[in-house]
Amino acid sequence: MATEQSVMAVIRAARPTFRQAHDKVAFAVHSGFLASGFVLHATGPSASTDDALSSSSTDEVGIDHWNEFEDSYAFVYSKPEKSSKKVLVKCLAMNNKLLIDAFRDGDNEPLHLELSVEDYVVEDGGTNYNTQFKNLGKLVGELNKAILSKYSGSSTANSSTQTSSSEKGGLRDQPNVERQPDYPYQPGGSFPSGYVVPPIPGVGGGDLFPGPGAGVYPTRGGPGGDGSMLVGPNDPRFFGGMGGDPRLPGGLPGVPPGARFDPYGPPDVPGFEPGRFIRDPRRPGGGGRPHPDLPHFGGDADFI
């Protein structure tokens with residue numbers, strides 16, 4: 001990353017002309033990128049175009065027109081490595097602040113830094129560059145922390161991150177690992193004699209594992225069930241268990257044990273009794289029509 005000495009060396013070598021205090025801070029930021037190993041591909045108007053970041057040009061350019069605009073600056077960089085992505089840096093002068101945004105090609109969010117110009121610029125500092133700046137080491141430190149450290153060694157860091165994620169991915173990254181069956185929930189503790197706690201089949205466990213790829217029709221909710229939280233009207237949980245194991249015995253057809261009826265209308269009104277909302281078996285062949293004795297609400301439970 002950049003240091004105070006390397007940044008000042010770049011400024012002296014470039015010998016820029018400053019028109020105002022914001023120019024000095026913006027050029028110090030630019031020098032920090034060069035001191036960190038970046039090369040300049042565009043600046044000024046050519047770096048402010050819509051395709052500045054996507055341009056295929058990798059030619060190095062000078063600093064001509066870098067401060068042509070009155071209150072904004074733009075630079076496009078990359079590192080010499082083949083895998084290096086271009087970085088667009090824009091600086092905006094606003095009152096006594098210089099707002100800096102850096103965006104690397106392919107990233108989702110830019111990096112941001114705000115610098116107070118009066119903290120780093122000496123008014124009437126003379127013609128020597130080192131006397132025109134103050135607290136340059138602090139400026140370089142802020143730039144390193146907010147932006148340059150995020151872009152240094154990006155390829156190696158990304159590779160290490162991907163390797164670490166792959167090693168720690170667990171079962172999600174190992175679709176061929178044999179899954180354990182969803183055993184029914186069995187509460188612990190002791191209960192009075194004759195007290196029966198109905199087992200509850202596991203729900204949602206199947207969603208922890210990736211489904212089939214694109215173009216393959218999902219098999220969840222089939223006749224055997226797979227423990228997913230996608231429960232359809234024909235789910236075996238409602239018809240005597242899963243896979244031939246009656247985990248929900250007893251109760252009315254299609255109603256799990258302990259299910260509570262919430263009336264859809266005012267009490268004691270004919271047509272809204274709990275017994276009238278029991279799901280009847282479907283007729284062979286599918287289709288269906290509204291049951292003549294059931295009030296119709298548009299749901300699947302109204303059909304036989």
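Since we're looking at a predicted model, the values are computed, not measured. (Residues numbered from 1 in each chain as written. Predicted model: local features only at pLDDT ≥ 70, side-chain atom pairs only at ≥ 80, totals over all residues. Heavy atoms only, no water.)

A. Layout of the sheet that holds strand 4 (residues 97-104). Within the open sheet, the 5 strands sit side by side as 1-2-3-4-5. Their pairing is antiparallel. Taken across any chain shown, the strands that pair with only one partner, and hence form the sheet edges, are strand 1 (39-43) and strand 5 (111-116). Within the sheet, the average angular offset between the axes of one strand and its neighbour, ignoring direction, is 25°. As paired elements, strand 3 (residues 87-94) and strand 4 share 8 bridges and run antiparallel to each other. Across the sheet, residue C91 finds its bridge partner in strand 4, namely I100. Sitting on the sheet, helix 2 (residues 21-35) touches strand 1, strand 2 (72-78), strand 3, strand 4 and strand 5, and the angle it makes with strand 2 is about 5°. Contacts between helix 3 (residues 136-151) and the sheet are confined to strand 3, strand 4 and strand 5, with strand 5 contributing the most and set at about 175° to the helix. (Pairing = 2+ DSSP bridges. Helix = DSSP H or I, 4+ residues; strand = E, 2+ residues; numbered from the N terminus. Axes fitted to C-alpha atoms, helices over the stretch in contact; angles between N-to-C directions. Contact = heavy atoms within 4.5 Å.)

B. Examining the packing of helix 2 against helix 3 more closely. At a closest axis distance of 10 Å, the pairing of helix 2 and helix 3 adopts a crossing angle of 60°. Put simply, helix 2 runs oblique to helix 3. Between helix 2 and helix 3 the crossing geometry is right-handed. Judged by residue contacts, V25, A28, V29, G32 and F33 of helix 2 engage L136, L139, L143, I147 and L148 from helix 3. Its residues assigned to classes, the contact of helix 2 with helix 3 shows 9 nonpolar, 1 polar and no charged. (Parallel < 35°, antiparallel > 145°, perpendicular 65-115°, else oblique. Left-handed = near helix turned anticlockwise from the far one by under 90°. Nonpolar A, V, L, I, M, F, W, Y, C, P; charged D, E, K, R; others polar.)

C. Representation of the packing of helix 1 (residues 4-14) against helix 3 in the model. For the pair helix 1 and helix 3, the least separation of the axes is 9 Å and the interaxial angle reads 100°. Comparing their axes, helix 3 and helix 1 come out roughly perpendicular. Between helix 1, through E4, V7 and M8, and helix 3, the contact on the second element is made entirely by L136, G137 and V140. Considering only residue class, the contact of helix 1 with helix 3 consists of 4 nonpolar, 1 polar and 1 charged.

D. View of the pattern of salt bridges. Summed over all chains, the structure comprises 2 salt bridges. For D23, the salt bridge goes to R19, with nearest N and O atoms at 3.6 Å. Overall, D23 belongs to the buried group, its relative accessible area being 0%. For the salt bridge of D107 with R104, the shortest nitrogen-to-oxygen distance reads 3.2 Å. (Salt bridge = Lys/Arg side-chain N within 4 Å of Asp/Glu carboxyl O. Buried < 20%, exposed > 50% of the residue type's maximum accessible area, 1.4 Å probe, protein only.)

E. Representation of the packing of aromatic side chains within the structure. According to the stated counting rule, one finds 10 aromatic pairs in the structure shown. With centroids separated by 6.0 Å and ring planes inclined at 85°, the aromatic side chains of F18 and Y129 adopt a geometry described as edge-to-face. Taken together, the residues F18 in the loop between helix 1 and helix 2 and Y129 in the loop between strand 5 and helix 3 connect sequence positions 111 residues apart. Comparing F18 with Y129 shows no difference in burial state: the two are buried. Taken together, a centroid distance of 5.9 Å and an interplanar angle of 25° make the contact between W66 and Y73 stacked. Given a relative accessible area of 2%, Y73 falls into the buried group. Taken together, the ring pairs in this structure connect F18, F27, W66, Y73, Y129 and F133 into an aromatic cluster. (Phe/Tyr/Trp six-rings, centres within 6.5 Å; stacked < 30°, edge-to-face > 60°.)

F. Up close: the pairing of strand 3. The pairing of strand 2 with strand 3 spans 6 bridges and is antiparallel. Bridge pairing links Y73 to C91 in strand 3.

G. Just the environment of S72, in detail. Examined against the element boundaries, S72 turns out to sit in strand 2. A sequence separation of 20 residues divides S72 from L92, and the C-alpha atoms of the two residues are 4.6 Å apart. Beyond its immediate chain neighbours, meaning those up to four positions away, S72 contacts C91 and L92.

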